Amino acid sequence: MARQDGRANNQLRPLHVDTNFLDQVTSHALVRWGGTVVLCTATVESNVPRWLVGGGKGWVTAEYSMLPGSGNDRIARERSNVKGRTHEIQRLIGRSLRAVIDLHALGEQSITVDCDVLQADGGTRTASITGGFIALGRAIQGLV
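Residues numbered from 1 in each chain as written. Predicted model: local features only at pLDDT ≥ 70, side-chain atom pairs only at ≥ 80, totals over all residues. Heavy atoms only, no water.

Participant: How do you make sense of the overall build of the protein chain when you look at a structure like this?
Facilitator: A count of helical and extended segments in the protein chain gives three helices and five strands. N-terminal to C-terminal, the α/β element order of the protein chain is β-β-β-β-α-α-β-α. With respect to the three principal axes, the spread of C-alpha positions in the protein chain is 55 × 35 × 30 Å. Here the protein chain holds 144 residues, and 35% of them are scored as buried. Restricting the contact set of the protein chain to residue pairs at least 6 apart, pairs at least 24 apart contribute 70%. A total of about 8,900 Å² of accessible surface is found on the protein chain, and carbon and sulfur atoms cover 49% of it. Within the protein chain, one finds 16 positive and 13 negative side-chain charges whose respective centroids are separated by 6 Å. (Helix = DSSP H or I, 4+ residues; strand = E, 2+ residues; numbered from the N terminus. Buried < 20%, exposed > 50% of the residue type's maximum accessible area, 1.4 Å probe, protein only. Contact = heavy atoms within 4.5 Å. Areas by Shrake-Rupley, 256 points an atom, 1.4 Å probe, with all protein chains shown as cover. Lys, Arg positive; Asp, Glu negative; His and termini not counted. Charge placed at Lys NZ, Arg CZ, Asp CG, Glu CD.)

Structure, rendered in C-alpha cells:
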C-alpha cells in the first residue's frame, strides 16, 4: 500500500526542530514532523498548586490546543470547557514530561508547557511530547 506522501513503508516522516526564533520566550521549540507543525513553549513560575505548597516539590503540567486553522476544517477554540480528547492529550503530555523531571530538585516552582498545533497531519501527540520535552529542557537549563 502506497502512502499519500510518497514515503516508503519503512521510511520515517522528516523531523525538524527549531529553537531559536522567538524573542520573548527562550524555552520554546517548533516541531515539524512530516506535515504536522506544533509550537511548544515552557514557562516557569515561582509557585505550585495548592496541594503541593510546603512540600518542597515542584510541578510540571501541560496544555494542548489545536488552533482554528490547523485542520482542513476550522477547529473551534476551546475557551472554557476543554473537550475530553484535549483533556486526555494534556494529561498524557504532562505525565510524560513529569516522568523525566526530579520534582524535588525543581523546588516549589511550576513549569507549564503549552503545545499549540499549528498544522495537523497525524502525530500531534508525539510531536507535542517531543517539542514539550525540548522546551522543558531549555527551561530547566535557564534555572541552573
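So that's the structure; there's more coming.
Participant: Which parts of the structure should I look at to understand the sheet that holds strand 3 (residues 36–45)?
Facilitator: Across a sheet, strands are paired by hydrogen bonds formed along the backbone, either parallel or antiparallel in direction. The five strands are arranged 1-2-3-5-4 in an open sheet whose pairing can be described as mixed. Whereas interior strands pair on both sides, the edge strands pair on one side only; in this sheet they are strand 1 (15–18) and strand 4 (59–66). Going from strand to strand, the sheet's axes swing by 20° on average, the running direction of each strand aside. Strands strand 4 and strand 5 (110–119) of the sheet are contacted by helix 1 (residues 84–98), whose axis makes an angle of about 145° with strand 4. Contacting strand 1, strand 2 (28–33), strand 3, strand 4 and strand 5, helix 3 (residues 124–143) runs over the sheet at an angle of about 30° to strand 3. (Pairing = 2+ DSSP bridges. Axes fitted to C-alpha atoms, helices over the stretch in contact; angles between N-to-C directions.)

Participant: Before we go on, may I ask you to explain the pattern of salt bridges in this structure?
Facilitator: Two side chains with opposite charge may pair up if their charged atoms get near one another. If you walk through the whole model with that rule in mind, you get one salt bridge. Close ionic contact of D5 with R7 constitutes a salt bridge, the shortest N to O distance being 2.6 Å. (Salt bridge = Lys/Arg side-chain N within 4 Å of Asp/Glu carboxyl O.)

Participant: Looking at this structure, I do not really get the pairing of strand 5. What am I missing?
Facilitator: Successive residues of a regular strand alternate their side chains across the two faces of the sheet. Most of strand 5 is tucked away, with seven of its ten residues classed as buried. Where strand 3 and strand 5 come together, nine bridges link them in antiparallel fashion. Paired with E45 across the strands is S110, a residue of strand 5. Where strand 4 lies against strand 5, eight bridges are found, and the strand directions are parallel.

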